[in-house]
Number of protein chains: 2
Amino acid sequence: MRNGDAFDPNCPTRLVLDRIGDKWTVLVVLILKDGPLRFTQLRDRIGGITPKVLTQTLRAMARDGLVTRQIYPEVPPRVEYSLTPLGHSLQGPIRAITDWAEENVTEVMAAREAALAE
Amino acid sequence: MRNGDAFDPNCPTRLVLDRIGDKWTVLVVLILKDGPLRFTQLRDRIGGITPKVLTQTLRAMARDGLVTRQIYPEVPPRVEYSLTPLGHSLQGPIRAITDWAEENVTEVMAAREAALAE
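About the criteria used
- In this convention, every chain numbers its residues from 1, walking through the sequence in written order.
- Key to labels: chains lettered from A, ligands numbered from 1, both in the order written.
- Selection of residues for local features in this predicted model requires a pLDDT of at least 70, selection of side-chain atom pairs for listing and counting requires 80 or more, and totals for whole chains, interfaces and linings are taken over all residues.
- With hydrogens and water stripped out, all remaining heavy atoms of the structure feed into the side-chain values.
- When DSSP finds two or more bridges between two strands, those strands count as paired.
- Going along the chain from the N terminus, every DSSP run of H or I of four or more residues is numbered as a helix, and every run of E of two or more is numbered as a strand.
- Helix span, expected: 1.5 Å multiplied by one less than the number of residues in the helix.
- Exposed residues in this analysis have more than 50% of their type's maximum accessible area, buried residues have under 20%, and partly exposed residues fall in between, with area computed by a 1.4 Å probe over protein chains only.
- This arc is built from the directions going out from the helix axis to the C-beta atoms.
- What makes two residues a contact is simply this: any of their non-hydrogen atoms within 4.5 Å.

Novice: A description of the sheet that holds strand S3 (residues 78-83) of chain B should follow, citing residues and the corresponding values.
Specialist: All names here are of chain B. Pairing in this open sheet of three strands is antiparallel, and the strands run S1-S3-S2 from one edge to the other. Every other strand in the sheet has two partners, leaving strand S1 (37-38) and strand S2 (67-72) as the edge strands with one partner each. As judged from the two bridges shared by S1 and S3, these two strands associate in the antiparallel manner. The residue of S3 that forms the bridge with leucine 37 is tyrosine 81.

Here is the structure:
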């Protein structure tokens, strides 16, 4: 299996792209940039995410080595999520995507409005 | 409405991120890099995409000003899809993501295997 053909659904690079090319993963990486957060803090900051989808996203990111889950033996137990060094290394590429979005949002919105008016 | 808060589901930047943070959009941008292609050529190159999902992806990308659809009056009519200058401008940020995927695929796969072994 080659690593280089992202168009092949069995290619490892494509499998990785499937994960990081997911808007919830992108948002979790951005939001954990400054340090660990609890599940409810993540849920409250990411508008529009359901608890079920956030759970699935965090589980998949943990499986892929992007986040860790730390349990503190308190009453009730405190659970915090943080980025691993691998997860942190995604900040650069993700920043390139969000910078593009911020720079081009006006043009995209104008295209959408023109399409609606057709 | 602020442009800057990607965590707000009504924020324009988030709306743009929802579109470009989609693996099919990423693959279509990569595949149209070198010039226009017909629908069947796109479908054949992008392994694992259904015609329905490809149609939806191209329609959404056209609406957002990322691709254009050119119809040639031949018999049968030839339809080609190509990137707009806006669509081309996504190559840089998308390349940052695919480069990351290629560099880190071994680490991600090792994490997945370790998680499966638990």
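So, next bit.
Novice: Got a sec to walk through helix H4 (residues 51-63) of chain A? Specific residues and values, please.
Specialist: Residues and elements named next belong to chain A. In a regular helix each residue adds 1.5 Å, so 13 residues correspond to 18 Å; H4 covers 18 Å between its end C-alpha atoms and thus fits that length. Within the span of H4, buried status applies to Leu54, Thr57, Leu58, Ala60 and Met61. One side of H4 carries all its buried residues, which in axial view fall inside an arc of 165°. Exposed residues on H4 whose side chains face more than 90 degrees from its buried face are Lys52 and Arg59. In this structure, the buried residues of H4 make contact with helix H1 (12-20), helix H2 (23-31), helix H3 (39-45), strand S2 (67-72) and strand S3 (78-83). Downstream of H4 by a residue or two, glycine 65 has a phi angle that is positive, lying close to 80°.

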